[in-house]
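# Geometric and topological summary
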Amino acid sequence: MKSFSKKALLQLALLLTATLLLASGCAKKPAATTTAIPETTVSEDMGQDMIQTEGLDEMDLSETAIDESASEYGVTTAAVSALQNISFEFDQYTLSAEAQDLLVSNAAYMQANPELKIRIEGYCDERGSDEYNLALGQRRALAAKSFMVSLGTDPQLLSVISYGEELPLDPTSSEEAYALNRRAEFKAER
Amino acid sequence: MRLLALLSLVFLLLTAPAAADIEISAPGQQTIPLASTKLLAQGMVPAQIVNDFDQTLNDDLLLSGLFSLVEPNSFLSDARRIGLNSSKVDFGQWRLLGAEGVIKGVCRLEKGKLVVEVRLFDVTHRRLLTGRRYVGAQTDVRRMAHRFADQILKSLTGEEGPFNSRIAYISNTSGHKELYLIDVDGRNGVRLTNHRSIVLNPDFSPTSKELLFTSYRAGNPDLYRKAIYSGQEARVSARPGLNIAGRFRPDGREIALTLSKEGNSDLHLLGTDGSHHRQVTKHWSIDVDPSWSPAGDKLAFVSDRQGNPQIFIFDIFTKQVKRLPTAGKYNATPAWSPKGDRIAFSRLEKGRFDIFTVAVDGSDERRLTFGPGNNEHPRWSPDGRFIVYSSDQSGAKAIYIMRADGSGVTRISPAGGDCNHPAWSGRW
Amino acid sequence: MADNHFQRRGADFHSDPKIGWIVLLSLILHLVLVLVFSGSFGHHNPPPKRPVYYVDLTQLPVANPRAGRPDGQSGAPKAVKKSTPAPIKKTPPTVKRAAPPTPAKKAVQPSRPTTKAVKKTATKAVRKAQPAAKTTATSSQASANNDTNYQTAMSAVEKMRRNQKRAALKEKLAALASSDSRTGTVAGGGSNAPLGMPDGTGDQAGVSQERWLQARLTKNWSLSKYQVVRRDLECRVRITYNSAGVLTGKEFIKTSGDSTFDDSVTRAILKSRQLEFNPGRQLQVTVTFNLKDLMD
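Let me begin by describing the structure that accompanies this report. What you see as residue numbers is a count from 1 along each chain, following the sequence as written. Here chains are named by letter from A upward and ligands by number from 1 upward, in the order in which they appear as written. Reporting of local features is limited, given that this is a predicted model, to residues whose pLDDT is at least 70; pairs of side-chain atoms are given and counted only at 80 or more, and all residues count toward the totals for whole chains, interfaces and linings. Here the side-chain values reflect all heavy atoms present in the structure, with hydrogen atoms and water set aside.

Each helix and strand counted, chain B has four helices and 31 strands in total. When each of the 428 residues of chain B is scored for burial, the buried share is 62%. For chain B, the share of sequence-separated contacts (at least 6 apart) that also reach a separation of at least 24 residues comes to 41%. Only the protein chains shown count as cover for residues, and all accessible areas are computed by the Shrake-Rupley method using a 1.4 Å probe. On chain B, roughly 15400 Å² of surface is accessible, and the fraction owed to carbon and sulfur atoms is 50%. A run of H or I in DSSP counts as a helix once it spans at least four residues, and a run of E counts as a strand once it spans at least two, with each numbered from the N terminus. Relative accessibility thresholds used throughout: buried, under 20% of the residue-type maximum; exposed, over 50%; partly exposed, between the two (1.4 Å probe, protein chains only). In what follows, a contact means two residues having at least one pair of non-hydrogen atoms within 4.5 Å.

As C-alpha cells, then:
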C-alpha cells in the first residue's frame, strides 16, 4: 500500500517534470523536442566550421621584398659643429629670444658657407602623444626655418624633418633630459 | 457611487490570489561556472597538443571575465569518458560540481592532419550549445582553441569573441623600431619589417590582411602598406613632411592620415593607392591621430586649435567639427569603439598618461587605468570587449590588454624592446 | 445571491438608488467574510505573539514564520518557553537549538554551548539528525529519480553544513557582543536574542519559504556583467511549486527583452526543479530579476 502510493506520486512527479520541461523548452525554441532530454542526434552542427588552414602555414613571412641594404635613415647627414641646437618649452614651438640669437648666428654661418644644404630636425621630449609630437617637431623645425628665411637664408637650402619623440639626446625621464630633448638640430645634407 | 466603485475594487483586490513578490537585484554568481575538460585522444596524439589546446582555451575563457573554471581535480568519471552526444554526457556529475556548462572534446590525427572535435554542453538544460570540428596542421592547435573560445562566447552572449585575431605593435628588440605581429595571448610573435630605421603607428586593414604604418626608411616619415602573408610592401604616401597616423576607413577603401605638405599638419583622405582624395581639416593648428567611427562617417582626431591637444569630431558629410567635451588639459590618441558608442583615449595628467573611455557625446567618462607609469595608445578589440594599449607600468614599455572596464590587465608582449603602438586586427 | 445582486445592479442601478446601498452592504459583508477567512483578520486582533528566541538557520523554511520580538525581555520569555515547549510545526525536520540552557536539558536539546567542544558535538548532532529526517520525508513524497534525490540530498546536506557554520559563527559573535554589553550574565548568548522573521505573522519557527526561495534563486542565478550590454534589464517570472515542492509552473510575466538575461533566469529557476523541503501547500511567487545591485 505504502509502496503503491509512493509509485503513484513518483509517476505524478515525472509527469509534472515532463510538462514543465516542455513548457520551458517552448519558451525558447518552438521546435523543442518532447522528451525530458532535448536534442537526440549526434551530428548537430558539427563540421560546419572547418578551419581553412589558408595562410596558417604561410606564417614564415618572406622578407625578401625588403631592401636589406637600406641605410639607417635614408638620407645621410652630418653634424656641423658651428650650427647650434635651439631648444623649446613644453608643447611650444615659439622661438625664445635665446633661440632667435642662435638662429641669427646659424643663418650667418650659412651665408658664409653658401654651398651648405641644411636639414633642420625637430624633436620633442617623451611626454605627449607620439603622433602629436611628430607634428609638434615638424612645427619646431618649420619655425626655425621660417625665422632663418626671414633673415635672408635661401629657403632652397633648408629642408625640415620631424622625429617627434624618437631619437632623444637623453633617454632618461627627468626635467633636464626633457629640456635637452625639446630641440631643433641642424645637419648638413650630403 | 465612487465609494461603491472603490469598494468593489478593494473587494476584487482582496479576493485575488495573492502571490508573494520577491526581488532579486543581482545574480548570486557573477561568472558562469564552466567545466573545461581536456581533449581525449583517439589514437596516438602528442600530449603537447592536448595541453596546448587546454591551456589556450582556458586562458581565453578566463581573460574574457565571463567564466570561472571548475577545478579540474574535482572532475568525476565523465571527464574521462568520450561522449559527445548530450544523451551520453552524465550531466548529474557536472551539476554536482556546480558547472553550468561543460566542454568536452576529442582529437585525433588523420593523415598527419589534426582533427579536433569539441563541444559545449548546457548542464542545466542538458543539451548541446555549440559544437565544432577543426581540421588543420598540428601547429594550428592554438588557433583552433582560440576559435572555439570565440565560439563559446558567441553561444553564451550572442557575440563572437576576439581571440582569433592578431595584434601588431612596434618594438626595437632588433635595435631598430620594427613592426611585429602576435596573437592575442602573446604567442606566435613574428617580425614583419626590416627597415632598420624607425617604423611607427601600425593600423590593420579591416577587409584584408594588410597593415599601414609610417617608416623613416627613405629619410622622411612616409606611409607604407604591407600585405601580411605575401610580405609585399608598397609606399603609399611620400609627400614632403609628415605622412603619419594612417587609418583605414572601415570599408577599407580610403585612408585618413596627417600630412604636412603645406607646412601645417592637417588631416587628409587618400585612396588606398595613395592618390589624394581630399583635405579634411584646414586649420593653422596641429591635427593628428584620426580614428574612424565604425560607420565611416565621422573622424575623431586630436587638435590643439583651442590651445592644448584635445579630441574633436569631424563629420565627413557635414564637415562640421565639434569638440568632444572632456575634462583634462591634454587628451590624445582617440580610438572609436567598434560599436560606435564610446571613444577611448589617453589623457596626460601630472606628467603621466592614463586611459579613459567616454560616450561619443562626452558624457559618462570612465577612467580605466590608474598608473603606475604611462598608459597610452588604446585600441579596441574587434568585438569591443577589450582594449590593447602600451604601458611602462613595470618599467620598460610593453603591450597590455584589459577588458573595456579596465579589469583583467594582462601583458602580452615579450620582455624587452620598448613595445609600443599596438593595433588590433579584425577577426582573422 | 451575490450573482443576483450584480445582475440587478446593472439593470436597476439608476432607477432605484436604494439598491446601491444594499449592494454596498453586501459588499461590506463580503469583505468582512473575506478578511476573516483570509486570516487578515489577525491584523485587527493580533493574538498574543509567541516569543521567538533565535533565528533558526538550520531549519527548513516554513509557511508561516513567526515574528521577531524586540530585545530585552529575556526573563519572561524563558518562562513562557519552558511552559510551552514547542510551537506548532508542520514541517517534520526540525531540530531545535534551544534558548538559554538549563543544564539538565543539554542531552536532549543541543543548547547554546559554552565551550567549543560542546558546540561541536551539538552541531554534529543536528547535522546528523536533519538529513536523516529530511531524506525520509522527501523520499516518502515525490522525488522523481534516484539521481535527483541523491543530488538534492547532497546539496541539502551541503547547505545545512554551511548554515551550521554560519549559525555557529553568529552565535560566537553574539556571545562576544553580549559579554561586552551585559557584564553580569554568563548565559547571555545569541540565543537570548529573541528574533524571528521581521515580517513574520505566523507561529512557526524558521525562515519563510519565500525568503528561502529568494536566497536559493539568487545563488542559482549566474550571469556575468560581460554577457549583457545594459544594466537596466528586468524580468518578472511567476514560479509555482506544488505542495511536494516540485516546480510546476514558470511563466514570464514580463521579459527583459534580452534573451541572454532571460535565459540565465530560466537556468536559475530550472536549477531548483525540486525544492529541498515540502512547502505543504502550493507555493506561488512572483520573482523580479534585475541588476540593480550591479549598476554603477
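Along the backbone of chain A there are four helices and five strands. When the elements of chain A are put in sequence order from the N terminus, they spell out α-β-β-α-β-α-β-α-β. Buried residues in chain A amount to 41% of all 190 residues. Intrachain contacts of chain A at a sequence separation of at least 6 include 75% that bridge at least 24 residues. As presented, chain A carries roughly 10100 Å² of accessible surface, and 57% of it is formed by carbon and sulfur atoms.

Two strands make a pair as long as DSSP finds a minimum of two bridges between them. Read from one edge to the other, the open sheet built from four strands follows the order β1(B)-β3(C)-β1(C)-β2(C), with strand pairing classed as mixed. Since the sheet does not close on itself, it has two edges, and those belong to β1 (20–24) of chain B together with β2 (247–254) of chain C, each with one partner. Across this sheet, the average inter-strand angle for adjacent strands is 25°, counted without regard to direction. Both strand β1 (residues 234–241) of chain C and β2(C) contribute to a ladder of six bridges, which runs antiparallel. Among the inter-strand pairings, Arg238(C) is bridged to a residue of β2(C), identified as Glu251(C). To obtain an axis, a line is fitted to C-alpha atoms, over the contacting stretch when the element is a helix, and the angle between two such axes runs from 0 to 180 degrees between their N-to-C directions. Strands β1 of chain B together with β1 and β3 (283–290) of chain C of the sheet are contacted by helix α7 (residues 209–220) of chain C, whose axis makes an angle of about 30° with β1(B).

Here the focus is the interface of chain C and chain B. If you look at the interface, chain C gives 47 residues, while chain B gives 41 residues. Throughout, buried area stands for the accessible area (probe radius 1.4 Å) lost by two parts on being put together, summed over both. Taken together, the two surfaces of chain C and chain B that pack against each other cover about 4100 Å², and 59% of this comes from carbon and sulfur. A side-chain nitrogen of Lys or Arg and a carboxyl oxygen of Asp or Glu constitute a salt bridge if their distance falls within 4 Å. At the boundary of chain C with chain B, the tally comes to five salt bridges. Asp21(B) is the salt-bridge partner of Arg236(C), the closest N and O atoms lying 3.9 Å from each other. Any pair of N or O atoms that falls within 3.5 Å is considered a polar contact. Within protein, one atom must be able to donate a hydrogen and the other to accept it, and sequence-neighbouring residues count only if both atoms are side-chain atoms. Counting across the chain C and chain B interface gives 22 residue pairs in polar contact (both at pLDDT 80 or more). Taken together, the elements giving at least two residues each to the side of chain C that touches chain B come down to α2 (17–38), α6 (146–181), α7, α8 (259–270) and β3 of chain C.

On to the nonpolar core. Working definition of a nonpolar core: buried Ala, Val, Leu, Ile, Met, Phe, Trp, Tyr and Cys residues. They are joined through side-chain atoms within 4.5 Å. Phe53(B), Leu57(B), Phe67(B), Ile103(B) and Ile152(B) are the most contacted members of the largest nonpolar core, which has 40 residues in total. The leading source of residues in this core is helix α4 (residues 141–157) of chain B, at eight residues. Look past the residues within four positions of Phe53(B) in its chain and what remains in contact with it is Leu39(B), Val116(B), Val118(B), Val141(B), Met144(B) and Ala145(B). Judged by nonpolar contacts, the second largest core, of 30 residues, contains Leu134(A), Ile244(B), Ile343(B) and Phe353(B).

Here we come to helix α3 (residues 130–150) of chain A. Between its first and last C-alpha, α3(A) extends 30 Å over 21 residues, near the 30 Å set by a 1.5 Å rise per residue. Just downstream of α3(A), Gly152(A) is the residue with a positive phi angle, here 110°. Here the expected length of a helix is defined as 1.5 Å per residue gap, with one fewer gap than residues.

Any two rings among Phe, Tyr and Trp, with Trp reduced to its six-membered ring, count as a pair given centres within 6.5 Å; such a pair is stacked if its planes are under 30 degrees apart, edge-to-face if over 60, and tilted if neither. Using the criterion set out here, one finds 19 aromatic pairs over all chains in the structure. A network of ring pairs unites the aromatic residues Phe90(A), Tyr132(A), Tyr330(B) and Phe353(B) as a single cluster. Directly above the aromatic system of Trp428(B) lies the positively charged group of Arg166(B), at a separation of 4.6 Å from the ring centroid. The criterion is that NZ of a Lys, or CZ of an Arg, lies within 6 Å of the ring centre and within 35 degrees of the ring normal, and then a charge sits over that ring.

A few words on the packing of helix α2 (residues 97–112) of chain A against α3(A). All names here are of chain A. The interhelical angle for the contact between α2 and α3, taken along N-to-C directions, is 60°, at an axis separation of 9 Å. On the basis of the axis angle, α2 is oblique to α3. Between α2 and α3 the crossing geometry is right-handed. Across the interface between the two elements, Gln 100, Leu 103, Val 104, Asn 106, Ala 107 and Met 110 from α2 touch Ala 144, Phe 147 and Met 148 from α3. Residues are sorted three ways: Asp, Glu, Lys and Arg are charged, Ala, Val, Leu, Ile, Met, Phe, Trp, Tyr, Cys and Pro are nonpolar, and all the rest, Gly among them, are polar. Here the residues of the contact of α2 with α3 are counted per class, giving seven nonpolar, two polar and no charged. Throughout this description, any angle smaller than 35 degrees is read as roughly parallel, any larger than 145 degrees as roughly antiparallel, any in the 65 to 115 degree range as roughly perpendicular, and the remainder as oblique. Two helices crossing with the near one rotated counterclockwise from the far one by less than a right angle form a left-handed crossing, whereas a clockwise rotation gives a right-handed crossing.

This part is about the pairing of strand β25 (residues 352–359) of chain B. Residue and element names in this part refer to chain B. Of all eight residues in β25, seven are buried; the element is thus mostly enclosed. Bridging between strand β24 (residues 342–349) and β25 involves eight bridges; their strand directions are antiparallel. Note that in β25 the partner of Arg 342 across the bridge is Ala 359. What sits between the antiparallel neighbours β24 and β25 is a turn of two residues, in which Lys 350 has the positive phi angle 50°.

Moving on, we get to the sheet that holds strand β12 (residues 210–215) of chain B. All names here are of chain B. Read across the open sheet, the four strands follow the order β11-β12-β13-β14; overall the sheet is antiparallel. The open sheet has two edge strands, β11 (199–204) and β14 (233–237), and neither has a second partner. Recorded for the sheet is a direction-independent mean angle of 30° between the axes of neighbouring strands. Alignment of strand β13 (residues 222–227) against β14, held across four bridges, turns out to be antiparallel.

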